[in-house]
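Chain residues, written in single-letter form:
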Amino acid sequence: MTTTTITKKSFREVYRSLHIPPVYYFLIVVFLTSGILDQLYSDGQILSNPLIGMNILVRSVALGIVAIGQTLVIIGGSIDLSVAYLISITSVMSSYVMQGKPENVFKAIVVVFAIGAVVGLVNGLIVTKLRVNPFIATLGTSLILKGIINGTFSNYTGSVPRSFEFFGYERVGSIPVSVIILFLIVIGGWFVLSKTKFGAHLYGVGGNDEVARLSGLRTDRVVIGAHIICSLTAVLTGLFIVSRLRAGAPWVGPDGVYDLESIATVVIGGTLLSGGKGGVWGTLAGVIIFGILDTAFNQLGVNPYLTIVIRGAIVILAVASYTYRSKLQVA
Amino acid sequence: MIEEQIEGLREENTEEVPLLEVRNITKRFPGVQALFDVSLKFMPGVVHAVVGENGAGKSTLMKIMAGAYVPDSGDILLEGKKVSFSHPKQAHEQGVSIIYQEFNLLPDRTVAQNIFLGREPSKFGVIDANALHKMALVVLKEVGMEDIIKPTAMCHTLSVAEQQIVEIAKAISFNSKVLIMDEPAAALSSTEVQILDDLIVKLKARGMAIIFISHRLNEVFDIADVITVLKDGVLVGTVDKKAATTHKIVHMMVGRELDHYFPPLGNADDFGPVVLSVKGGNNPFLTDINLELRRGEVVGVAGLQGSGRTELAEALFGVTPFKSGSVTLMGKPELVRAPSQAIKKQMGFVTEDRKSEGIWPRQPIRDNMLMTVRAIQFMFGVIMKDGIRKSRSLVPSLGKQVDVRTDSYDREVQFLSGGNQQKVVLSKWLASDAKIFIFDEPTRGIDVEAKASIHDMIRDLTKKGIAVLMISSELPEIIGMSDRILVMRDGRIVGELPAKSSENDIMLMATGHIPGDGSDHQVPAGVN
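The sections below set out a description of the structure shown in this document.

Definitions and limits used
Throughout, residues of each chain are indexed from 1 in the direction in which the sequence is written. Key to labels: chains lettered from A, ligands numbered from 1, both in the order written. Given that the model is predicted, a residue must reach a pLDDT of at least 70 before its local features are reported, and side-chain atom pairs must reach 80 or more before they are shown or counted; all residues, however, enter totals for whole chains, interfaces and linings. Here a strand is any run of E in DSSP of at least two residues, a helix any run of H or I of at least four, and the numbering for each starts at the N terminus. Field definition: a residue is buried when 20 or more other C-beta atoms are found within 10 Å of its C-beta, exposed when 12 or fewer are, and partly exposed for counts in between, with C-beta atoms placed from the backbone. Any residue pair is listed as a contact if its two C-beta atoms, each placed from the backbone, are within 7 Å. Pairing between strands requires that DSSP locate at least two bridges from one strand to the other. Every helix has an expected span of 1.5 Å times one less than the residues it contains. Throughout, the arc means that of the directions going from the helix axis to the C-beta atoms. Under this scheme, a helix contributes an axis fitted over its contacting stretch, all axes are lines through C-alpha atoms, and angles between N-to-C directions fall in the 0 to 180 degree range. We call two directions roughly parallel when the angle between them is under 35 degrees, roughly antiparallel when it is over 145, roughly perpendicular when it lies between 65 and 115, and oblique otherwise. Take the far helix as your reference; a near helix turned counterclockwise from it by less than a right angle gives a left-handed crossing, and one turned clockwise gives a right-handed crossing. Each residue is assigned to one class: nonpolar for Ala, Val, Leu, Ile, Met, Phe, Trp, Tyr, Cys and Pro, charged for Asp, Glu, Lys and Arg, and polar for all the others, Gly among them.

Right, let's get into the overall build of chain B. Of the regular secondary structure elements, chain B holds 19 helices and 22 strands. By the burial criterion, 47% of the 528 residues in chain B qualify as buried. A separation threshold of at least 6 residues defines the contact pool for chain B, and within that pool the share at least 24 residues apart is 69%.

Residues and elements named next belong to chain B. In terms of residue burial, strand β15 (residues 298-303) counts as a mostly covered element, since 6 of its 6 residues are buried. What you see with β15 is no split at all: Val-298, Gly-300 and Ala-302 on one side and Val-299, Val-301 and Gly-303 on the other are buried throughout. Alignment of β15 against strand β20 (residues 467-471), held across 4 bridges, turns out to be parallel. Looking at β20, one finds that Val-301 is bridged to Ile-471. As paired strands, β15 and strand β21 (residues 484-489) are joined by 5 bridges and run parallel to one another. Of the residues in β21, the one forming a bridge with Ala-302 is Val-487.

So, on to the pairing of strand β9 (residues 178-182) of chain B. Within a regular beta strand, the side chains point alternately toward one face of the sheet and then the other, so they alternate between its two faces. Residue and element names in this part refer to chain B. Of all the 5 residues making up β9, 5 are buried; the element is thus mostly covered by neighbouring parts of the structure. Residues Val-178, Ile-180 and Asp-182 of β9 are buried on one face, and the alternating residues Leu-179 and Met-181, pointing to the opposite face, are buried as well. The pairing of strand β6 (residues 96-99) with β9 spans 4 bridges and is parallel. From the neighbouring strand, Ile-99 faces β9, where its bridge partner is Met-181.

Let's shift gears to helix α7 (residues 190-205) of chain B. All names here are of chain B. With 16 residues, α7 should cover 22 Å at 1.5 Å per step; its first-to-last C-alpha distance of 23 Å lies within 8% of that length. Of all the positions in α7, only Ile-195, Leu-196, Leu-199, Ile-200 and Leu-203 are classed as buried. Buried residues of α7, viewed axially, fall in a sector of 140°; they line one side. Facing away from the buried side of α7 by more than 90 degrees, the exposed set consists of Ser-190, Thr-191, Val-201 and Ala-205. Lining the buried residues of α7 we find β3 (47-51), α6 (160-173), β9, β10 (209-213) and α8 (217-223). Positive backbone phi, approximately 90°, marks Gly-207, located one or two places after α7.

Residue and element names in this part refer to chain A. Across the interface, helix α4 (residues 50-75) lies against helix α15 (residues 280-300) with an axial gap of 8 Å and an inter-helix angle of 140°. Taken together, the axis directions place α4 and α15 in an arrangement best described as oblique. Of the two possible hands of crossing, α4 and α15 adopt the one that is right-handed. Side by side, α4 and α15 meet where Ile-52, Asn-55, Ile-56, Leu-57, Arg-59, Ser-60, Leu-63, Gly-64, Ala-67, Ile-68 and Thr-71 of the first sit next to Val-280, Thr-283, Leu-284, Val-287, Ile-288, Phe-290, Gly-291, Ile-292, Asp-294 and Thr-295 of the second. The residue makeup of the contact of α4 with α15, split by class, is 12 nonpolar, 7 polar and 2 charged.

A separate point is the sheet that holds strand β16 (residues 324-329) of chain B. Residue and element names in this part refer to chain B. The antiparallel open sheet is built from 4 strands, whose spatial order is β14-β13-β16-β17. Where the open sheet ends on each side, the last strands, each with one partner, are β14 (286-294) and β17 (332-334). With direction set aside, neighbouring strand axes in the sheet form an average angle of 20°. Relative to β17, β16 runs antiparallel, the two being bridged by 3 bridges. Residue Leu-329 lies in a different strand from β17, and its bridge partner there is Lys-332.

Listed per partner, the contact involves 18 residues of chain A and 14 residues of chain B. Going through the elements one at a time, α10 (197-207) and α11 (209-214) of chain A are the ones with two or more residues in the side of chain A that touches chain B. Per-element tally for the side of chain A that touches chain B: the top contributor is α10(A), with 7 residues. Its residues placed into classes, the side of chain A that touches chain B shows 7 nonpolar, 8 polar and 3 charged.

Another aspect to go through is helix α9 (residues 246-254) of chain B. All buried positions along α9(B) are accounted for by Ile249(B), Val250(B), Met252(B) and Met253(B). Each buried residue of α9(B) sits inside an arc of 160° when the element is viewed along its axis, so together they form one side.

Residues and elements named next belong to chain A. Between helix α5 (residues 83-98) and helix α7 (residues 134-152), the shortest axis-to-axis distance is 8 Å and the interhelical angle comes to 30°. The angle between α5 and α7 places the two elements in the roughly parallel class. The way α5 lies across α7 gives a crossing that is left-handed. Contacts between α5 and α7 involve Ala-84, Tyr-85, Leu-86, Ser-88, Ile-89 and Val-92 from the former and Ser-142, Leu-145, Lys-146 and Ile-149 from the latter.

Before going further, it helps to spend a moment on unusual backbone geometry. What you tend to see is this: most non-glycine residues have negative phi, and most peptide bonds are trans. If you check the backbone angles, Arg246(A) has positive phi at about 70° while not being a glycine. Residue placement: Arg246(A) occurs in the loop between α12 (219-245) and α13 (252-255). Overall, Arg246(A) belongs to the partly exposed group, with 18 C-beta atoms counted inside 10 Å. Of note in this structure, Asp490(B) is not a glycine but carries a positive phi near 50°. With respect to the secondary-structure elements, Asp490(B) resides in the loop between β21 and β22 (492-498). Residue class for Asp490(B) comes out partly exposed when judged on the 13 C-beta atoms lying within 10 Å of it.

The quantities given are spatial measurements derived from coordinates; they are silent on function.
Laid out in structure tokens, this is it:
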């Protein structure tokens, strides 16, 4: 907030037109604080070594991809708690189908995306047609997925062929493929939300369901679409994780807390939990903030459980600051 | 005389086909006959105002025309052809748009996005932002607002009037022929009303039929060409503006018999000392409030919707406290900053919206009755200690006092009738030993028999030395119950009328057609 003492008018106009989500100030604060602490108490890699920066981004890929899908669902006034177990299913199923053989990669990808589409469709149908509160609906599907996967697999299953590891480890020049994919997903999410009819309708449905209906929107389809997209991003996250781990395991989703953390980063990014307002750039910042915290605590060798505490505090702080700002707007 | 004008109007319009016509519309809600056999014609290029008291059926009629309600019987004709709308969208598509009091815009989307929501120009699903912008500009030009409202502005940054204009622009973009507005000026300042009026003149010139509901007769006379009066769901008449006077319209709105028995008024000699007085009370909704309330009297507060009646009650009870001015309770200067303080100072507030503010519908009668007693006791002490023992005797005695008809006090309040629910609300304040009662619409939505018993109960309270401030939009209730009548307009108490004043006098003062200054009890003779 202190960095905005801008005097030149034209610059201010350009700045305003960019609509930078306020969470980016927070991102800068978190980055600098971590960097300074690192400088003082550790080897100062965060500020001096650009590789660390890249490392932070790689750490952010798994959460980032699924958080973009979560952003869409939340803007549409829904929520998806089933992503964590969908990630697990993806990792296990893909490596199970691949069995280390390159010729099975395509088949595996088709299978897991099909599973994802079905899960998303089911979530969307339960929310829109059965009118079950989305929190409960997706908690229910999440439990169902959990039961299925824990009943079927209990340990590392199958393996990923070398050729598939490019997703997790390959680089184009000095930039990891996974980071490029994350940015493509972010840009894709931004494009869908701000440039397409589907995006406009999603904001409409999330902002006020009744207004959207009276304007002639088929609101159910919009919500179902968002759920399918969200599930597909969860599948993509699952594929990224399995390519890093080289084999699927049923615990990767819940261990990463992708359900609650994706929701947390969306909210930190400034998207309204009740829907109708927000965007993917804010979510990206939220994800990177989490990535910085992980890296910094790693560097400083602090008890990892403390990062969880800090994460919680950041979620509360961010949301409280948005509420405070919106109150100022009203007054 | 009124009938003659209606005849005249009919003859004038015989050649023209009305844009919208309703014939013999009847609509019943459980316990209420909302509309009975109403027939009206709405001509192109005519601004048609529909006026009437609360509960006259105005909103129901509007909603039927806009497809939000389906009538029990009767026909709707659009340009002479019979139509039936089962959903507002159908009405919309056929050229009938409605603008409700609460806005239907997405606050965090732009003007252009709002106007064309669901109809965005696009190729392969990708919105053509330029075309969208241009289309919005065209529509805004049509309403003459292209310089003031930018298509790219976020709707939450617009003023209330601008938002209303965006809604009108949206309606026009559907090529609406009929525009229905529910209290269009209710939330507007006077300059904003002017903007709206100018726009209505423009739309009229385009040959649209404009229908609006209003409580404000000034506004009606400013912009309407034709005025229809509804009363208790029945069409009283339609008059041409040129031939109408405020007195006549008011007379048409209120002329009726008192339809039920009220308990006898209090005797001025029995009124005790002043228990509540306010001097120069101000807050964002209220200006210069001065009032006194004595033991044993019922003071009625009348006024149109939005005149500040409920806000007055909320200020007294500390919901939205006065920001300046002084409040004296039981002879001592007090600051009531929150409802909990008001309750401790022995005030009780029976709210207008029983469902959301007065009861816990899913809790038993017992807990509802003890709600306020428990609220002001020590948080952890209540139910564990005296609460239970006290409630054993307290609840039945309260139940007897207010005459709740129930087989068990453990029944959930949601299963009681409206009248019995209101009795439960009353009993929770009796339980807290309140000495000052504020009633906001005490008998709204309850049947006649329960009404009478609640009126009796209010009068009984005063006999126990309780002071009552009663807000009501039903003038018969105000007149039948009040020992004095305060009339509010625009957040002020504009005058005080004696008991048994006529409905005409109250309405004229509430609409600003006879001035009152709070001290002067002299009013011009009514126009009966």
